[in-house]
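The chain contents come next:
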Amino acid sequence: MIIRDVLAPNPGPFTLSGTRTYLLGRSAVLDPGPAIDSHVEAIRAAMPNLKTILITHRHGDHAPAAVPLKHATGARMIAPPGVLDDEQVDQRVRGGERLDIDGETLEVIATPGHTSEHVCYLTSDGDLFTGDTILGEGTTAIFPPDGNMADYLHSLRTLRSRNPRRIFPAHGPTRDDAVALIDHYIAHRLEREQQIVTALDAGAHTVSSMRQRIYPELDKRLQGAAEVQIVAHLIKLESEGRVDARGGAYFLTPVV
Ligand SMILES: [Zn+2]
């Protein structure tokens, strides 16, 4: 399948250079992106025979352009539950389903974690479209309660088990080192988790004290997001019985 992309004009700290909208074969678009007129026009010009719109998850930098594209072309919209309205989406997909796209089979893989409904799409050639589950550079933000770190790690391991060849992320460059990148993502999260356990053990019991210890030089504008990542890890540790939360502070559960 020939894979092309159109970069949306929405760069930022979470979107990197912008959303990469993928054009699959001659008739499908994946993660159409934000509903910015010039972006919608660029997709239509690059894909004049649009028949299918695929979406990974509901965030505003991925799904909204599906609406004007469908309106203009009549393309069939395919998305997991919770993305856009039921009247707009033609087919709801879940993990394990297979789709026939432009003569190729795309497998849907459930990857909750970044959001609860997030799915990835895998071609029979091993090309994996990861949405926001894996980015081409940097790491993905997990914002509880919809984002869930335990689910996220499980999803990374699911993707690893499929042995993909290349990763096409919604943000950042295409990666030919798919398995190594997933291993790096898993190792990074486990390392962060260990830093939190070490911080708790050393007497940092509040989220801000953990953040100061783990990210000492962090730009003020990113401190809030960093603290939310720490909270996401703490929720996972709590669910595993390894951490107790009491009155806004966190404590390691004594090992018996
Ligand atoms: Zn997202």
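Bear in mind the structure is a predicted one, so any value in this text is a computation, not a measurement.

Q: Sorry, what's going on with the overall build of the chain here?
A: In terms of regular secondary structure, the chain is built from 6 helices and 13 strands. Computed over its C-alpha atoms, the radius of gyration of the chain comes to 19 Å, within 12% of the 18 Å expected for a compact globule of 256 residues. Burial statistics for the chain: of 256 residues in total, 48% are counted as buried. Summarising the internal contacts of the chain: among those between residues at least 6 apart in sequence, 53% fall at separations of at least 24. Of the roughly 11600 Å² of accessible surface on the chain, a fraction of 51% belongs to carbon and sulfur atoms. In the chain, 26 positive and 33 negative side-chain charges are present, and the distance between their average locations comes to 2 Å.

Q: What is the right way to read the nonpolar core from this model?
A: Burial of nonpolar side chains together is a common tendency in soluble globular proteins. Leu128, Ile134, Leu156, Leu159, Ile167 and Tyr185 are the most contacted members of the largest nonpolar core, which totals 19 residues. Among the elements of the structure, β9 (119-123), α3 (149-161) and α4 (178-201) are those that each provide at least two residues to this core. Look past the residues within four positions of Ile134 in its chain and what remains in contact with it is Thr140, Leu156, Leu159, Ile167, Pro169, Leu181, Ile182 and Tyr185. By size, the runner-up hydrophobic cluster in this structure holds 18 residues, among which are Ala65, Leu69, Ala75 and Val89.

Q: Help me understand the coordination of the zinc ion in this model?
A: For a metal bound by four donors in a tetrahedral arrangement, the ideal donor-metal-donor angle is 109.5 degrees, while six donors in an octahedral arrangement ideally sit at 90 or 180 degrees. Coordination of the zinc ion by the protein involves His57 (NE2), His59 (ND1), His114 (NE2) and Asp132 (OD), with metal-donor separations of 2.1 to 2.2 Å. Taken together, the 4 donor atoms coordinating the zinc ion and their angles of 91 to 164 degrees define a geometry best described as irregular.

Q: Just to check I follow, could you spell out the domain arrangement of the chain for this structure?
A: A common way to state how big an interface is: give the accessible area lost once the parts meet. Domain annotation for the chain reports domain 1 (3-179) and domain 2 (188-250). On a C-alpha basis, the centres of domain 1 and domain 2 stand 30 Å from each other. With both chains or domains summed, domain 1 and domain 2 bury close to 1000 Å², and 77% of this area falls on carbon and sulfur atoms. Looking at the side of domain 1 facing domain 2, the largest losses of area belong to Pro144, Met149 and Leu153, adding up to 47% of the total buried there. For the interface between domain 1 and domain 2, the tally reads 2 residue pairs in polar contact (both at pLDDT 80 or more). Considered class by class, the residues forming the side of domain 1 that touches domain 2 number 9 nonpolar, 2 polar and 1 charged.

Q: Just to check I follow, could you spell out the layout of surface pockets for this structure?
A: Take a probe with the size of a water molecule and roll it over the atoms, and the empty space left behind shows itself. Approximately 620 Å³ is the volume attributed to the largest pocket. Contributing to the lining of the largest pocket are 26 residues, with Pro13, Phe14, Thr139, Thr140 and Ala141 lying nearest its centre. Those elements that provide at least two residues to the lining of the largest pocket are α4 and α6 (220-239). Broken down by element, the lining of the largest pocket gets its largest block of residues, 5 residues, from α6.

Q: How should the sheet that holds strand β5 (residues 76-79) be read in this particular structure?
A: Backbone-to-backbone hydrogen bonds join strands into a sheet, with any given pair of strands oriented parallel or antiparallel. Within the open sheet, the 6 strands sit side by side as β1-β2-β3-β4-β5-β6. Their pairing is mixed. Strands at the two margins of the open sheet, each flanked by one partner only, are β1 (3-7) and β6 (91-92). In the packing of helix α1 (residues 37-46) onto the sheet, contacts are made with β1, β2 (20-24) and β3 (28-30), and the angle to β1 comes to roughly 155 degrees.

Conventions adopted
- Residues numbered from 1 in each chain as written.
- Predicted model: local features only at pLDDT ≥ 70, side-chain atom pairs only at ≥ 80, totals over all residues.
- Heavy atoms only, no water.
- Helix = DSSP H or I, 4+ residues; strand = E, 2+ residues; numbered from the N terminus.
- Rg over C-alpha atoms; globule rule 2.2 N^0.38 Å.
- Buried < 20%, exposed > 50% of the residue type's maximum accessible area, 1.4 Å probe, protein only.
- Contact = heavy atoms within 4.5 Å.
- Areas by Shrake-Rupley, 256 points an atom, 1.4 Å probe, with all protein chains shown as cover.
- Lys, Arg positive; Asp, Glu negative; His and termini not counted.
- Charge placed at Lys NZ, Arg CZ, Asp CG, Glu CD.
- Core = buried A, V, L, I, M, F, W, Y, C linked by side-chain atoms within 4.5 Å.
- Donors = N, O, S within 2.8 Å, 3.2 Å for Na, K, Ca; no water.
- Tetrahedral: all angles 85-135°; square planar, octahedral: opposite > 155°, others 65-115°.
- Domains from an automatic or database assignment.
- Buried area = accessible area lost by both parts, 1.4 Å probe.
- Polar contact = N/O pair within 3.5 Å; in protein donor to acceptor, adjacent residues only side chain to side chain.
- Nonpolar A, V, L, I, M, F, W, Y, C, P; charged D, E, K, R; others polar.
- 1 Å grid on protein atoms, 1.4 Å probe; cavity = no way out; pocket = protein on both sides within 12 Å on 5 of 7 lines; lining within 4 Å.
- Points joined across faces, edges and corners; volume = space filled by probe spheres on them.
- Pairing = 2+ DSSP bridges.
- Axes fitted to C-alpha atoms, helices over the stretch in contact; angles between N-to-C directions.

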